[in-house]
Every structure is written in structure tokens, then in C-alpha cells.
Amino acid sequence: MTIRVVVADDQELVRSGFAMILDAQPDIEVVAEAGDGRAAVEAVRRLAPEVALLDIRMPGTDGIEACRAISAGTGCRTIMLTTFDSDEYVYEALHAGASGFLLKDVRRDDLVHAVRVVAAGDSLLAPSVARRLVAEYTSRPPAAAVAPSARLDVLTARERETLLHLARGLSNAEIAAALIVSEHTVKTHVGHVLSKLGLRDRIQAVICAYECGVVTPSPEGGPDPSSPAQGRRSPPGKPPLGGSDGAR
């Protein structure tokens, strides 16, 4: 199956560069390019692609508003393009429905991989973007957090454990090892967590876990290992959030 993509960026050279890389793949077709968010939304509604690659900062309708409109009105999944240390809207874009974040200096292979992963229904974050998400969350007033009892009572004890491991960035295989169950069982638990909490993907599950206090960020920007529910930390070098292992 060919993955159809809309690429939106107000810088023509950047836009055409990404389009050229993606179009060179046998399983990916760029069906439209757009110079602003409004044109991107119109192209998605008209052409019904599987993935939209959106720059966060565009004139008029920016990438966040475009992402919100695309997520609310179509089945297309979105990947946001950001420049680390200059964009401050990661948190808002994820809440708008973004399924992934990439830096604009992303490597060719990583760009292609990201489109395939998101088209398959998964989600991913560049590690540096993941750290920014944690920093953005911790800068918000505590009153914005949701009390755990208000949302998480619908989960079983094992589903809460699964949510904890998702927030720590573990893959399904790693969660299976931690819980001493099969990967198939983990996929079932993940599906139940997403369904019961009304979440679309793993990224939204991570956000929910931080908001509900399942894990708390450490000063270094990852989950706090001193948290009573924390248990084993993610393997060295593994980003604290996001990632993909080929399953929800």
C-alpha cells in the first residue's frame, strides 16, 4: 500500500527537500505541498492522505491550528516539524492531535521511518523534543493537573502498571519483560488503556500519565526514579517519552 503524504512548510526549499526525499521511496507518494496551514488543511480534506507533515510556524493558520483541524475532521495523522530551542508549542501541538515530532535537521532515513511509523498507527518523538515536552509540562501551574482518581479509576491494577511503563518510554517487548507476560498481552493492556481513557495513541498516554501524577519529571527531564511507582528506569540512552515498537 502506498502512503500518501501532504507536506506543509512556508520555506519552499525545506518543503521541496522533504517532498523529494519522501517521493523517492517506493511506498510513499507526496500528493500535495502547501505553504501555510490553511492550504495544508484544504489539501488533506481534498486528497485524504494518510500523513500530513506540518511545520509548526507558518503564516496565517499555523501548524498547531492545522493539526487540530486535521485531527478533528479527517483520518489523517500528523507529524510536526520543529526547530529545537526555538519552538515553544510542543505541548499544545500534542494536545491538538499530533502523532509525532521531528526536528528540521532530521536525517533522511529517520524522516522516511517516521512517516511509515505514523502511517501504521504508531507515534514517535525525537528525544530532544521529548525533553522539551517534559520541561513544558513542569513549567505549568500544578492546578492544571488532573487528579488521578478522576481519570484512572477505570483502569485495572495491571493497566495502571502498563501506563506507567508507557510513560517511561518502554517498548512492548520491554513492558512484557517487566510484567512477565507476553507481548500479545501487553498489546491488549495498551489497547484497554487507550480505550478506557479516550486516548488516541501512546503519546497521549504519556501526557496523561504526567498530568495524572503517575510519574513525575526529575530535574534531568525524565521520569523521576524516586517516585514510589517508578521501579526500573528506562535503559541508558533511551528517550523518556515517545518511541515506537510497531504496536500501539
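Above: the structure in question.
Each chain has its residues counted from 1, running along the sequence as written. Residues qualify for local features only when their pLDDT is at least 70, as the model is predicted, and side-chain atom pairs are given and counted only at 80 or more; totals for whole chains, interfaces and linings, by contrast, use all residues. Here the side-chain values reflect all heavy atoms present in the structure, with hydrogen atoms and water set aside.

**Examining the overall build of the protein**
In this text, helices come from DSSP runs of H or I with a minimum length of four residues, and strands from runs of E with a minimum of two, each type numbered from the N-terminal end. Within the protein, the secondary structure is distributed over eleven helices and six strands. Any two residues whose heavy atoms approach within 4.5 Å are treated as being in contact. The long-range share in the protein, meaning contacts at least 24 apart out of those at least 6 apart in sequence, stands at 69%.

**A closer look at the pattern of salt bridges**
A side chain with one charge may pair with a side chain of the opposite charge, provided their charged atoms come close. Between Lys or Arg on one side and Asp or Glu on the other, a salt bridge is scored when a side-chain nitrogen of the former is within 4 Å of a carboxyl oxygen of the latter. Tallied over the entire structure, the rule returns ten salt bridges. In this structure, the salt-bridge partner of Arg38 is Glu42, at a minimum N-O distance of 3.5 Å. Here the residue Arg38 and the residue Glu42 both occupy positions in helix α2 (residues 37–47), the gap between them amounting to four residues, near one helical turn. Burial status follows relative accessibility: with a 1.4 Å probe on protein chains alone, a residue under 20% of its type maximum counts as buried, one over 50% as exposed, and anything between as partly exposed. The exposed category is assigned to Arg38, whose relative accessible area is 57%. Arg158 is paired through a salt bridge with Glu161; the nearest N and O atoms lie 2.9 Å apart. Note that Arg158 and Glu161 are positioned in helix α8 (residues 157–167) at a spacing of three residues, about one turn of the helix. One connected set of salt bridges, linked through shared partners, spans Asp9, Asp55 and Lys104.

**Looking at the pairing of strand β2 (residues 28–34)**
Two strands are counted as paired when DSSP detects at least two bridges linking them. Pairing between strand β1 (residues 3–8) and β2: six bridges, direction parallel. Following the sheet pairing, Arg4 is matched in β2 by Glu29. By convention, orient the strands away from the viewer: a clockwise path from the first strand over the helix to the second makes the crossover right-handed. Running through helix α1 (residues 12–23), the crossover from β1 to the neighbouring parallel element β2 is right-handed.

**Some details on unusual backbone geometry**
The phi torsion at Ala48 lies on the positive side, around 50°, for a residue other than glycine. For Ile180, which is not glycine, the phi dihedral falls at a positive 55°. Take Ile180: it is sitting in the loop between α9 (172–179) and α10 (183–197).

**Here's the deal with the packing of α1 against helix α5 (residues 108–119)**
The geometry of α1 relative to α5 is characterised by a closest axis approach of 10 Å and an angle of 70° between their N-to-C directions. Viewed along their axes, α1 and α5 adopt a mutual orientation that is roughly perpendicular. In this structure, α1 contributes Phe18, Ile21 and Leu22 to the contact, and α5 contributes Arg108, Leu111, Val112 and Val115. Among the residues making up the contact of α1 with α5, the classes are represented as six nonpolar, no polar and one charged. Axes, fitted as lines to C-alpha atoms, cover a helix only where it is in contact. Angles between the N-to-C directions of the axes lie from 0 to 180 degrees. Here is the rule for angles: anything less than 35 degrees is roughly parallel, anything more than 145 is roughly antiparallel, 65 through 115 is roughly perpendicular, and the remaining ranges are oblique. Each residue is assigned to one class: nonpolar for Ala, Val, Leu, Ile, Met, Phe, Trp, Tyr, Cys and Pro, charged for Asp, Glu, Lys and Arg, and polar for all the others, Gly among them.

**A word on the nonpolar core**
What is meant by a nonpolar core is a set of buried Ala, Val, Leu, Ile, Met, Phe, Trp, Tyr and Cys residues, joined one to another through side-chain atoms within 4.5 Å. Ranked by internal contacts, the top residues of the largest apolar core, which has 27 residues, are Leu54, Ile70, Met80, Leu94 and Phe101. When residues of this core are traced back to their parent elements, those giving at least two are β1, β2, α2, β3 (51–55), α3 (63–73), α4 (90–95) and α11 (202–211). Membership of the second largest hydrophobic core comes to 24 residues, among which are Leu152, Leu164, Leu170 and Val190.

**Digging into the side chain of Glu159**
Along the chain, Glu159 falls in helix α8. By relative accessible area, Glu159 is classed as buried at 3%. Once you skip the residues sitting within four places of it in the chain, Glu159 turns out to touch Val154, His189, His192, Val193 and Lys196.

**Quick notes on the environment of Leu152**
Summarising the element assignment, Leu152 is placed in the loop between α7 (148–151) and α8. Measuring from C-alpha to C-alpha, the distance between Leu152 and Leu163 comes to 9.9 Å, with eleven residues separating the pair along the chain. In this structure Leu152 touches Arg160, Leu163, Leu197, Cys208, Cys212 and Val214, once residues within four positions along its chain are discounted.

**Comments concerning the environment of Asp10**
Locating Asp10 in the fold gives a position in the loop between β1 and α1. Since its relative accessible area comes to 37%, Asp10 is described here as partly exposed. In the structure, Asp10 is positioned 49 residues away from Pro59 in sequence and 7.3 Å away in space, judged by C-alpha atoms.

Scope: geometric values only; no functional claims are made or implied.
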